[in-house]
Amino acid sequence: MKNSTLLFRSLLVIVFIAGGAHLVTYASQNSPQNFNSYDDTTSVNSAEKTSQYTINNETDYIVGKWIVKYNEKEFKGSILYEIQKEGNKFNAYTVSYLDKVGHSEKAKKTKTLSITSFDGYKGKGIYEIEYEGEIYDVDCTIDMVDENTFQLSYNYYEYNGFETWKKQ
Amino acid sequence: MIEFLSKKIDWIDIEYWFYIFNDLSLLYIIVPFFVVELIRYAFLKRLNKDLVLDSIANVITFGAFLIIEITLGILAITKVYFWIHHHFSLPHLELNLTTIIACIILADFAYYWEHRMMHRIGIGWATHTVHHSSPHFNMSVAYRFGPFDAILPIAFSLPLVMLGFDPILVLLSEVFVQVFQTLLHTEIIGKLTKPVEYIFNTPSHHRVHHGSNRQYWDKNYAGIFIIWDRLLGTFEPEVEKVVYGISEPLNSVNPVKVFFHGIARFFRKLKQINGIKNKLLAFIKPPDWMPKNDTIYESK
């Protein structure tokens, strides 16, 4: 078989299969139902968002400010987040950073956590982590310990992360 | 339909299923099947010292291969793959049923080409000849690897990462293809039904691949789908009884000799070639290539 035929047939296989995978992903992301997506906007008009959801007393208590302590090489201190309800999802945004001695610095409002499902006790979502300068979206789970504490855990390949969020 | 095909799948589920297919298959299918093969050998009065030592040598070469693979894995996969994925990749594909199936099919296609290169370039055959050098054909032969068998696949899996597939998914898919291939190394299973034989690689097709009969040389490179061979002109059905091994038999069950004999033969060939240019060409030319006026080697 001629080399040009081998090349042409091989390229056809690659374009057909990889193209199919990209098309399905593209279609799902642009579908009106948007099966998997979550809102990626980094700034939020709270008034506009809150008007779109219905009140659910079993889950809405998660809305509010939460603080998380970190004691890692890259950052030692705390971060204050604010969880807001947007549509039927909950999103957490950074509010401020606190260093070890309590100095506070306002943070750029960035969406860090998107809770895609939550039943009042357990939930699932997508958490944004930074590793070696790159930002990764990883799947995470939420387990409520009590009304004022929940544990967020994620598994990124072999790396397991675990955080305790305390209500402010 | 699109909802089903594009439903996002969690990493934990992907790892779970690949763990069952890739890792646990050794326990629930490969080892039990090998035991059945040994019983069959005993029943046919073919279970002898040479076969047992050959099988042990196969497992030892796998251990040596694994050390190289793990070292390369740490260096290549965590660094090069991710670097390529973040800097030279099409938009990243999310993890759903479509992308997982597409990744496995493309990993299989990459395996076809990588395997073909292993047979058709000098340095490739120098390492891959180890896998073909056993005069037996059973599950343990699937674990008979050469020293560089882990290197060439990297060049063929990087394009998958560049197409937007997650590097770890690519790696898991490659292992899946290898595990499927492992199951084909048996004489117990004859020919399967026609549709299966037409689409999938089967023990019959793979026996041909391991044949030293002249018409079986460099045929049936496929991993999972034999359609790649049909499409690219390298398919050969099993007709004549297969004689396993290589044209220049090794006649040894010494694991060290088994593991390094391809490289040793390649260096002996290089010694016979005059000129740097010709020596370098020997790495990428077919295994039977020799400059004019020199001896011609055979490839299998």
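Definitions and cut-offs
- Residues numbered from 1 in each chain as written.
- Chains lettered and ligands numbered in written order.
- Predicted model: local features only at pLDDT ≥ 70, side-chain atom pairs only at ≥ 80, totals over all residues.
- Helix = DSSP H or I, 4+ residues; strand = E, 2+ residues; numbered from the N terminus.
- Rg over C-alpha atoms; globule rule 2.2 N^0.38 Å.
- Buried ≥ 20, exposed ≤ 12 C-beta atoms within 10 Å, placed from the backbone.
- Contact = placed C-beta atoms within 7 Å.
- Pairing = 2+ DSSP bridges.
- pLDDT = per-residue confidence, 0-100.
- Expected span 1.5 Å × (residues − 1).
- Core = buried A, V, L, I, M, F, W, Y, C linked by C-beta atoms within 7 Å.

1. Quick notes on the overall build of chain B
If you tally the helices and strands in chain B, you get 13 helices and zero strands. Beginning at the N terminus, the succession of helices and strands in chain B can be written as α-α-α-α-α-α-α-α-α-α-α-α-α. The C-alpha radius of gyration computed for chain B amounts to 20 Å, which stays within 12% of the reference 19 Å derived for 300 residues, consistent with globular compactness. Once the C-alpha set of chain B is aligned to its principal axes, its extents read approximately 60 × 55 × 35 Å. Across the 300 residues of chain B, 39% fall into the buried class.

2. Concerning the overall build of chain A
Secondary structure summary: chain A contains two helices and nine strands in total. For chain A, the sequential pattern of α-helices and β-strands runs α-α-β-β-β-β-β-β-β-β-β. Out of the 168 residues belonging to chain A, those deemed buried represent 18%. Considering only contacts within chain A whose residues lie at least 6 apart along the sequence, 32% involve residues at least 24 apart.

3. A look at the interface of chain A and chain B
If you look at the interface, chain A gives 21 residues, while chain B gives 25 residues. Sorting the residues of the side of chain A that touches chain B by element identifies helix H1 (3-30) and strand E7 (134-146) of chain A as the ones contributing at least two each. Top element by residues in the side of chain A that touches chain B is H1 of chain A. It accounts for 13 residues.

4. Observations concerning the pairing of strand E3 (residues 89-99) of chain A
All names here are of chain A. Sheet analysis places strand E2 (residues 76-86) next to E3, joined by ten bridges and oriented antiparallel. Across the sheet, Tyr-81 pairs through a bridge with Thr-94, a residue of E3. Here E2 folds back onto E3 in antiparallel fashion, the turn holding two residues, of which Gly-87 has a positive phi close to 65 degrees. Bridging between E3 and strand E5 (residues 111-118) involves four bridges; their strand directions are antiparallel. Across the sheet, residue Ala-92 finds its bridge partner in E5, namely Leu-113. Taken together, the three bridges between E3 and strand E4 (residues 104-106) define a ladder with antiparallel strand orientation. Looking at the pairing, Tyr-97 lines up with Glu-105 of E4. Connecting E3 to the antiparallel partner E4 that follows it, the hairpin turn spans four residues, and Gly-102 within it adopts a positive phi of roughly 100 degrees.

5. Quick look at the environment of Ala-222 of chain B
Residues and elements named next belong to chain B. In this fold, Ala-222 is placed in the loop between helix H10 (203-209) and helix H11 (227-232). C-beta crowding within 10 Å serves as the criterion here: with 30 such atoms nearby, Ala-222 is assigned to the buried category. The sequence separation of Ala-222 and Thr-186 amounts to 36 residues, and the corresponding C-alpha distance is 16 Å. The residues contacting Ala-222, other than those within four sequence positions of it, are Tyr-112, Asn-201, His-205, Trp-228 and Asp-229.

6. Focus: the confidence of the model for chain A
Keep in mind that low pLDDT regions are not for reading the predicted coordinates in detail. Residues and elements named next belong to chain A. Per-residue confidence for chain A gives a mean pLDDT of 81; residues scoring 70 or more make up 83%. When mean pLDDT is taken per element in chain A, H1 scores highest with 91 and helix H2 (residues 46-50) scores lowest with 46. Throughout residues 34-51 the model reports pLDDT below 50, and contacts reaching past four residues in sequence, or to other chains, amount to 28 contacts.

7. Quick notes on helix H5 (residues 97-120) of chain B
The terminal C-alpha atoms of H5 of chain B, which comprises 24 residues, lie 35 Å apart, in line with the 34 Å expected from a rise of 1.5 Å per residue. Within H5 of chain B, 19 of the 24 residues are buried, which leaves it mostly tucked inside the rest of the structure.

8. Regarding the confidence of the model for chain B
Residue and element names in this part refer to chain B. Residues with a pLDDT of 70 or more make up 96% of chain B, whose mean pLDDT is 91. Per-element mean pLDDT across chain B ranges from 74 in helix H1 (residues 2-5) up to 98 in H11. Prediction confidence for the complex, expressed as pTM and ipTM, is 0.74 and 0.88 respectively.

9. Some words on the nonpolar core
Nonpolar side chains tend to gather and get buried jointly when the protein is soluble and globular. Within the largest apolar cluster, 37 residues are counted, with the highest numbers of intra-cluster contacts made by Cys-103, Leu-106, Ala-107, Leu-160, Phe-165, Leu-169 and Val-170 of chain B. Looking at which element gives the most residues to this core, the answer is H5 of chain B, with eleven residues. If near-sequence neighbours (up to four positions away) are discounted, Ala-107 of chain B is found in contact with Leu-160, Val-170, Ser-173, Glu-174 and Val-177 of chain B. Grouped together as the second largest cluster of nonpolar side chains are 18 residues, Ile-126, Tyr-127, Phe-150 and Trp-165 of chain A included.

10. Here's the deal with unusual backbone geometry
Residue and element names in this part refer to chain B. Phi at Asp-218 is positive, roughly 50 degrees, even though this residue is not glycine. On the secondary structure map, Asp-218 appears in the loop between H10 and H11. Asp-218 sits in the partly exposed class, given 16 other C-beta atoms within 10 Å. Notably, Asn-251 is not glycine yet its phi reads approximately 55 degrees, a positive angle.

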